[in-house]
Number of protein chains: 2
Amino acid sequence: MPANDFTTTEYARRLEKTRRAMAERGLKTLVICDPSNMAWLTGYDGWSFYVPQAVILHESGMPMWWGRTQDKPGAALTTWLEADHLFDWPEEHVQHPDHHPFDSLVDLLREYGWVEAIGVEMDNYYFSARSYQILETAFGRDGLADATGLVNWQRAVKSEQELQLMRSAGRLSAHMHGVLRAEFNEGIAKNALVARVQAAGIEGLPDLPGDYPAIAPIAPSGIEASASHITWNDRPLAPGEATYFEISGCVRRYHCPISRTLFLGSPPEDIRRGEAAILQAIEDTFAVAKPGVSCEEVASCVYESFGRAGYIKGSRTGYPVGLSYPPDWGERTMSLRPGDTTKLEENMTFHLMPGLWTPDWGMAITETFVVTPNGGEPLADVPREIVVK
Amino acid sequence: MPANDFTTTEYARRLEKTRRAMAERGLKTLVICDPSNMAWLTGYDGWSFYVPQAVILHESGMPMWWGRTQDKPGAALTTWLEADHLFDWPEEHVQHPDHHPFDSLVDLLREYGWVEAIGVEMDNYYFSARSYQILETAFGRDGLADATGLVNWQRAVKSEQELQLMRSAGRLSAHMHGVLRAEFNEGIAKNALVARVQAAGIEGLPDLPGDYPAIAPIAPSGIEASASHITWNDRPLAPGEATYFEISGCVRRYHCPISRTLFLGSPPEDIRRGEAAILQAIEDTFAVAKPGVSCEEVASCVYESFGRAGYIKGSRTGYPVGLSYPPDWGERTMSLRPGDTTKLEENMTFHLMPGLWTPDWGMAITETFVVTPNGGEPLADVPREIVVK
């Protein structure tokens, strides 16, 4: 049945870590709706997260998958769970104004007597306010606890097998950036360029097929790039504009996001100055990003390099990445920014994001790296300099 | 400032419809977090929905956009709102364990005195249980009301301009299926096929650039197709297997999803029988889908055709589509299924989904149609029969 990528031992270790965190918080049962966490615990994979679904993890026993009837065969195909641990809610609940799939989840939890100390992901795309209210009505506010990020935190340190997948995703990111460098020419419409880059990531390399990344290509040009999250349009690339591409290869749902900036013509002095500050920030970060160093210490490498170049960086400079589903490839735990005193550990992985946004242009040159005893080590090999044509 | 697709008159009409629905429910203020609803009301476009953001619509005045500081320039670029109606929350709130962007939304609502009869989308991906709790703490449970689907319902009947965009999306869907038919051959790896089809949709046609669809291609083969929402892997296409592709062109965020089934070799009798039932169901549906007919009457065309062929169809057979963002291209209002007595109106648009899933295979041949006085009219022109090679 299991068609997944990890050993039984690795899944057992994941459950054990998660249960340790549950015990520390006094939780008996977790209802996990984040598809990344569901996949990490069980291998479940499918574009079914637009309806309610969950992995239910009690303090003992095999986890359960719970979802829509028509997705149960997908759970049988992709998870390591036994068939009698797959549960479904009746089809008539789907997007119905008067009743809700969580009504059936309440029944299931009651059937097992798991009616107290239930952890739920309060701040997650896939656990709605309505879902919360249904559980609250059934089990009382005191029966529930906020377990936002509980599983995400267990995902922070990657196994060797996970790092392998992220390096593979990095090979695809490099391949995509190679296609981007080759095809980036005056007059080509942005959407045509995106199509080719995205196809390169999914077609992949002869031994390395690609999956869909959790974020669509972010690819703004010129003034658009003053906004952080503009995707694309059909405007032909024009001389005198900076364009940045924030893209990621994806292998078995693991990511390695890499941004690069491209310029048609001759980049003005301020853009070159920004570039130098970013390149220095990356080198400085890699030098310090060793186990035991804090997130805010890493961030200060970026702020200081930017400060020396006369730029003020206001936003966080990075976040953990790995296994992910839309709409975000970040793990939403640590942040590389002032105030985050979490200490780095070996084999944590971050997307280092020393982006610069001014009112007139934006530039991003980013790297995904793994924390090693020797510092940050990039997981992809892509030339960092602005691509000038 | 506005870089959007619709006239001022159309936006005014949208606000008016929405405010009528607010008044009927006694709502003074709407906090709209669904990115599709945000876009429909203001034109806002960007992959920023992975952090909290909203359009705030009071019973009078211009709507407000509220989001992350670094996304405010994107709101200025893409919406029709005046600059003084764009509000941002401080960057330090982003994915922070101890404070939350909604803290700042509370301040904003208080500043304007909009502290009661606030409608929120309780059952939506982009309004979390935590966000709800913050508003509840500030304004009391009685200060809030469930406005799930309120704006979605206003989107059901499409304007001429919207239909134009959906027909354009349908041209892209047809183009994508053309590429699929051409490239579908024994031995090609599924991911390679998906890459080419997706690139065709984004590169588009000479006069018609493509956007990213709200759902990644669903493309299962053989036994995988017994599950509804498997995306793809790198397995080469094999003889004797049915594969279905559920894909959509996307133009300025408008969709026209179309599924087709493909077969290498000679389809067995049961698959041919399923195909005949589906094709008949589509014809029957189009004949009855006129204004005044109910959703459940439309659905019965499918159930009856399937019943005559000896298949029992358990799931709903369609849903409204149009403007959308991930993770769903459905509008989540009506459903074509028993019990939904909503009457069709002219220019409503549906994805008719007469899919068949058995324990051994699955098949989907679907159409997106608009309701006209003469019945359902498909918005794309793609041959319906199973593609056999």
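Residues numbered from 1 in each chain as written. Chains lettered and ligands numbered in written order. Predicted model: local features only at pLDDT ≥ 70, side-chain atom pairs only at ≥ 80, totals over all residues. Heavy atoms only, no water.

- The name an unreviewed UniProt entry assigns to chain A is Ectoine hydrolase, from the organism Tritonibacter horizontis.

A look at the interface of chain B and chain A
Okay, so step 1: Each side of the interface is counted separately: chain B has 71 residues, and chain A has 71 residues.
Okay, so step 2: Note on chain B versus chain A: buried area summed over both sides is about 5,900 Å², and carbon and sulfur give 55% of it.
Okay, so step 3: A salt bridge links Arg196 of chain B to Glu203 of chain A; the shortest N-O distance between them is 2.7 Å.
Okay, so step 4: Counting the contacts that link chain B with chain A gives 38 residue pairs in polar contact (both at pLDDT 80 or more).
Okay, so step 5: Counting residues per element, the side of chain B that touches chain A draws most heavily on helix H8 (residues 190–203) of chain B, at 9 residues. (Contact = heavy atoms within 4.5 Å. Buried area = accessible area lost by both parts, 1.4 Å probe. Salt bridge = Lys/Arg side-chain N within 4 Å of Asp/Glu carboxyl O. Polar contact = N/O pair within 3.5 Å; in protein donor to acceptor, adjacent residues only side chain to side chain. Helix = DSSP H or I, 4+ residues; strand = E, 2+ residues; numbered from the N terminus.)

Section: the pattern of salt bridges
Okay, so step 1: Following the criterion strictly, the structure yields 50 salt bridges over all chains and no others.
Okay, so step 2: In this structure, the salt-bridge partner of Asp88 of chain A is Lys72 of chain A, at a minimum N-O distance of 3.7 Å. With Asp88 of chain A in strand S4 (residues 86–89) and Lys72 of chain A in helix H3 (residues 72–78), the pair connects residues that are 16 residues apart, well separated along the chain.
Okay, so step 3: Across the pair Glu275 of chain B and Arg272 of chain B runs a salt bridge whose closest N-O atoms are separated by 2.8 Å. Note that Glu275 of chain B and Arg272 of chain B are positioned in helix H9 (residues 269–288) at a spacing of 3 residues, about one turn of the helix.
Okay, so step 4: On the basis of relative accessible area, Glu275 of chain B is assigned to the buried category, the value being 6%.
Okay, so step 5: Each of Glu10, Arg13, Arg14 and Glu162 of chain A takes part in a single network of salt bridges with overlapping partners. (Buried < 20%, exposed > 50% of the residue type's maximum accessible area, 1.4 Å probe, protein only.)

What about the packing of aromatic side chains?
Residues and elements named next belong to chain A.
Okay, so step 1: Counted according to the given criterion, the structure contains 40 aromatic pairs over all chains.
Okay, so step 2: Each ring, one from Phe49 and one from Tyr325, has its centre 5.7 Å from the other, and the planes form 65 degrees; the classification is edge-to-face. A residue pair is termed long-range when its members are at least 10 positions apart, and Phe49 in the loop between helix H2 (35–42) and strand S2 (54–58) and Tyr325 in the loop between strand S9 (318–320) and strand S10 (349–352) qualify at 276 residues.
Okay, so step 3: Owing to a relative accessible area of 3%, Tyr325 belongs among the buried residues under this scheme. (Phe/Tyr/Trp six-rings, centres within 6.5 Å; stacked < 30°, edge-to-face > 60°.)

A closer look at the sheet that holds strand S3 (residues 64–68) of chain A
One key point about sheets: their strands pair by backbone hydrogen bonds, in either a parallel or an antiparallel sense.
All names here are of chain A.
Okay, so step 1: The 6 strands are arranged S4-S3-S2-S1-S5-S6 in an open sheet whose pairing can be described as mixed. In this open sheet, the two edge strands, each paired with only one partner strand, are S4 and strand S6 (144–146). Each strand of the sheet is rotated relative to its neighbour by a mean of 25 degrees, with strand direction disregarded.
Okay, so step 2: Packed onto the sheet, H2 meets strand S1 (29–32), S2 and S3 and runs at close to 55 degrees relative to S2. (Pairing = 2+ DSSP bridges. Axes fitted to C-alpha atoms, helices over the stretch in contact; angles between N-to-C directions.)

Some remarks on the pairing of strand S14 (residues 375–378) of chain A
Residue and element names in this part refer to chain A.
Okay, so step 1: Pairing of strand S13 (residues 367–372) with S14, which is carried by 4 bridges, proceeds in the antiparallel orientation. Looking at the pairing, Thr372 lines up with Gly375 of S14.
Okay, so step 2: In sequence, S13 turns back onto S14 through a hairpin of 2 residues.

Structural notes on the UniProt feature "domain: Peptidase M24" (unreviewed entry) in chain A
Okay, so step 1: Under the UniProt annotation, the feature "domain: Peptidase M24" (unreviewed entry) is placed at residues 165–372 of chain A.
Okay, so step 2: Annotated as residues 165–372 of chain A, this span is 32% helix and 18% strand, and its ends, taken at the C-alpha atoms, are 17 Å apart. (UniProt positions renumbered as here; feature names shortened; annotations may be inferred.)

Some points on the relation of the copies chain B and chain A
A rotation about some axis, followed by a shift along it, carries one copy of the chain onto the other.
Okay, so step 1: Under the fitted operation, chain B is carried onto chain A by 0.0 Å of movement along the axis and a turn of 180 degrees, and the coordinates agree to an RMSD of 0.0 Å. Taken together, these values place the two copies in the relation of a two-fold axis. Nearest to the rotation axis, the C-alpha of Ala129 of chain B is located 1.9 Å from it, this being the minimum over chain B.
Okay, so step 2: Most of the interface of chain B is mirrored in chain A: 100% of its interface residues are interface residues there too. (Least-squares fit on C-alpha atoms with pLDDT ≥ 70 in both.)

Overview of the state of the cysteines
Okay, so step 1: One pass over the full model with this rule turns up 0 disulfides over all chains.
Okay, so step 2: Unpaired in terms of disulfides, Cys33 of chain B finds its nearest cysteine sulfur in Cys33 of chain A, a separation of 18 Å.
Okay, so step 3: For Cys33 of chain B, a relative accessible area of 1% corresponds to the buried category.
Okay, so step 4: Cys250 of chain B forms no disulfide, and the closest cysteine sulfur to it belongs to Cys256 of chain B, at a distance of 11 Å. (Disulfide = S-S within 2.5 Å.)

Regarding the domain arrangement of chain A
All names here are of chain A.
Okay, so step 1: Domain annotation for chain A reports domain 1 (3–154) and domain 2 (160–388).
Okay, so step 2: Between the C-alpha centres of domain 1 and domain 2 there is a distance of 32 Å.
Okay, so step 3: Note on domain 1 versus domain 2: buried area summed over both sides is about 1,600 Å², and carbon and sulfur give 54% of it.
Okay, so step 4: Interface area lost by domain 1 to domain 2 is led by Asp5, Tyr125 and Trp153, which between them contribute 31%.
Okay, so step 5: The interface formed by domain 1 and domain 2 contains 2 salt bridges.
Okay, so step 6: For the salt bridge of Glu162 with Arg14, the shortest nitrogen-to-oxygen distance reads 3.5 Å.
Okay, so step 7: Along the contact surface separating domain 1 from domain 2 lie 7 residue pairs in polar contact (both at pLDDT 80 or more).
Okay, so step 8: Of all elements in the fold, only helix H1 (8–24), H2 and helix H6 (150–154) reach the threshold of two or more residues within the side of domain 1 that touches domain 2.
Okay, so step 9: Among the elements that make up the side of domain 1 that touches domain 2, the one with the highest residue count is H2 (4 residues). (Domains from an automatic or database assignment.)

Concerning the packing of helix H1 (residues 8–24) of chain B against helix H2 (residues 35–42) of chain B
Residues and elements named next belong to chain B.
Okay, so step 1: As a packed pair, H1 and H2 sit with axes 8 Å apart at the nearest point and diverge in direction by 125 degrees. Judged by the inter-axis angle, H1 sits oblique to H2. For the pair H1 and H2, contact is made by Tyr11, Arg14, Leu15 and Thr18 and by Ala39, Trp40, Leu41 and Thr42, respectively.
Okay, so step 2: Here the residues of the contact of H1 with H2 sort into 5 nonpolar, 2 polar and 1 charged. (Parallel < 35°, antiparallel > 145°, perpendicular 65-115°, else oblique. Nonpolar A, V, L, I, M, F, W, Y, C, P; charged D, E, K, R; others polar.)

A short note on the packing of helix H5 (residues 129–139) of chain A against helix H5 (residues 129–139) of chain B
Okay, so step 1: Running from N to C, H5 of chain A and H5 of chain B point in directions that differ by 75 degrees, and their axes come no closer than 7 Å. Overall, the two elements H5 of chain A and H5 of chain B adopt an arrangement that is roughly perpendicular. Within the contact between the two elements, H5 of chain A uses Ala129, Tyr132 and Gln133 of chain A and H5 of chain B uses Ala129, Tyr132 and Gln133 of chain B.
Okay, so step 2: Tallied by class, the residues present in the contact of H5 of chain A with H5 of chain B amount to 4 nonpolar, 2 polar and no charged.

With respect to unusual backbone geometry
Okay, so step 1: Omega for the bond connecting Pro326 of chain A with Pro327 of chain A falls within 30 degrees of zero, at 10 degrees, which places this linkage in the cis form.
Okay, so step 2: One non-glycine residue, Asn347 of chain B, adopts positive backbone phi at about 70 degrees.
Okay, so step 3: Looking at where Asn347 of chain B falls in the secondary structure, it is placed in the loop between strand S9 (318–320) and strand S10 (349–352).

Here we look at the pairing of S10 of chain B
Residue and element names in this part refer to chain B.
Okay, so step 1: Burial along S10 is two-sided: Thr349 and His351 and Phe350 and Leu352, pointing in opposite directions, are all buried.
Okay, so step 2: Bridge count for S10 against strand S13 (residues 367–372) is 4 bridges, and the pairing is antiparallel. By the bridge assignment, Phe350 is partnered in S13 with Phe369.

Description of H1 of chain B
In an α-helix, one full turn covers 3.6 residues, which means residues spaced three or four apart are oriented alike.
All names here are of chain B.
Okay, so step 1: With 17 residues, H1 ought to run about 24 Å at 1.5 Å a step, and its terminal C-alpha atoms sit 24 Å apart, in line with that.
Okay, so step 2: Taken residue by residue, H1 has Glu10, Tyr11, Arg14, Leu15, Thr18, Arg19, Ala21 and Met22 as its buried positions.
Okay, so step 3: Where the residues of H1 are buried, they touch strand S1 (29–32), H2, strand S2 (54–58), helix H6 (150–154), helix H7 (160–183) and strand S8 (254–263).
Okay, so step 4: Phi turns positive one or two residues past the end of H1, at Gly26, with a value near 75 degrees. (Expected span 1.5 Å × (residues − 1).)

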